[in-house]
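So you can see what is in the structure, the chains are spelled out below.
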Amino acid sequence: MRKGYPKRAGDAHNQISDPGALAERQISKAEDLKADIGMARDAQSHMASAGKPMAGGEVESQMTNTMAGEAESQITKTGMSAPSVEEMLGYFSNRDGWYGRDCVEYIHVGRAEPSHLVAVKIVGDESVPRGELTWRSEAGSLLFPTLSMSIQLHLRDSNHSTHPLWWSPFGRHVLQWQSSNAPQQLNAFDIVGKSPTGRPGHFQRVSEAEALNVARHNPDCH
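Engineer: Mind laying out the environment of Thr 197, listing which residues take part and the relevant values?
Structural biologist: Looking at the element boundaries, Thr 197 is found in the loop between β8 (186-192) and β9 (201-206). You can call Thr 197 partly exposed: its relative accessible area is 26%. Residues Thr 197 and Gly 97, 100 residues apart in the sequence, show an inter-C-alpha distance of 7.4 Å. Residues in contact with Thr 197, not counting those within four places in the same chain, are Gly 97 and Trp 98. Only 3.2 Å separates the side chain of Thr 197 from the side chain of Ser 195, close enough to count as a polar contact.

Engineer: Quick rundown of unusual backbone geometry? Include the residues and the values.
Structural biologist: In this structure, Pro 114 follows Glu 113 across a cis peptide bond, with omega equal to 10 degrees. Mapped onto the elements, Pro 114 comes out in the loop between β2 (105-112) and β3 (116-123).

Engineer: Report on helix α5 (residues 208-217), specifying residues and quantitative values.
Structural biologist: Those residues of α5 that sit buried are Ala 211, Leu 212, Val 214 and Ala 215. Down the axis of α5, the buried side of the element spans an arc of 160 degrees, and every buried residue falls inside it. Along α5, the residues that are exposed and aim more than 90 degrees away from the buried face are Ala 209 and His 217.

Engineer: I'd love a proper account of the side chain of Ser 168, names of residues and values included.
Structural biologist: For Ser 168, the position within the fold is in the loop between β6 (165-167) and β7 (173-179). Polar side-chain contacts of Ser 168 include one of 2.9 Å to the backbone nitrogen of Leu 153. If sequence neighbours within four positions are ignored, Ser 168 has contacts with Gln 152, Leu 153, Leu 155 and His 173.

Engineer: Tell me about the nonpolar core, and name the residues and values.
Structural biologist: In terms of nonpolar packing, the biggest core is built from 22 residues, with Ile 107, Val 109, Leu 117, Trp 135, Trp 177, Phe 189 and Phe 203 touching the most fellow members. Of all elements in the fold, only α4 (85-88), β2, β3, β5 (148-156), β7 and β8 reach the threshold of two or more residues within this core. If you tally residues by element for this core, the top one is β5, at four residues. If sequence neighbours within four positions are ignored, Trp 177 has contacts with Met 88, Phe 92, Leu 117, Thr 146, Leu 147, Met 149, Leu 186, Ala 188 and Phe 189. Judged by nonpolar contacts, the second largest core, of nine residues, contains Ile 122, Val 206, Val 214 and Ala 215.

Cut-offs applied
- Sequence order as written defines the numbering, with residues in each chain counted from 1.
- This being a predicted model, a pLDDT of at least 70 is required before a residue's local features are given, and a value of 80 or more before pairs of side-chain atoms are given or counted; all residues contribute to the totals for chains, interfaces and linings.
- Water and hydrogen atoms play no part in the side-chain values, which are based on all heavy atoms of the structure.
- A run of H or I in DSSP counts as a helix once it spans at least four residues, and a run of E counts as a strand once it spans at least two, with each numbered from the N terminus.
- The rule is simple: take the accessible area with a 1.4 Å probe, protein chains only, and divide by the maximum for that residue type; under 20% is buried, over 50% is exposed, in between is partly exposed.
- The contact definition used throughout considers only heavy atoms, calling two residues in contact when any of these lie within 4.5 Å.
- The term polar contact refers here to a pair of N or O atoms within 3.5 Å; inside protein, the definition further demands a hydrogen-donor-capable atom paired with an acceptor-capable atom, and it admits residues adjacent in sequence only when both atoms are side-chain atoms.
- Taken from the helix axis, the directions to the C-beta atoms give the arc we talk about.
- Nonpolar cores were defined as sets of buried Ala, Val, Leu, Ile, Met, Phe, Trp, Tyr and Cys residues, with membership established by side-chain atoms within 4.5 Å.

Structure (structure tokens):
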């Protein structure tokens, strides 16, 4: 489903002095993050309906073993060591119009509970403005981090701000990290899946100073 870009009054000239604190506030407000915690409960319910009830600890153990197996498989195929979570955090820009606007957008990638990544818009657009979550990885994905991660996108159905944002299902979009020659640094990532442009979106690491300077002096994209 194509994303819409409704206006939201008052966001055009917002000042961002502490994006880290902003991210934390937005994360705490995003009630949909509770759905991540519910994944384990859904798995437990499914097993119970199949006549094989599992205790919460068994569900957690099964999920952990699955993630560990997927991580080991990726490392074996690529011949690369597992990335650290710290390598993934920071500021990134998108300059290829992947969000559907001919301008540069900035995001901050951070860590959230229960052990997954979230990306907050620093310079956004009319559909997902600054301060809103733009994507998140699966719950528990940071327990065994890999260079390829399933993510959900924050979307809006139409060009009316009265329409709420919603999360795309897991499995439709994949985030693929790109490593540089510099140690302990993932310098970019691509998001592969359906988009307004019909092609993957490329996000390049930038400095905090660049991201905050652009945010202070530029409105969101229109």
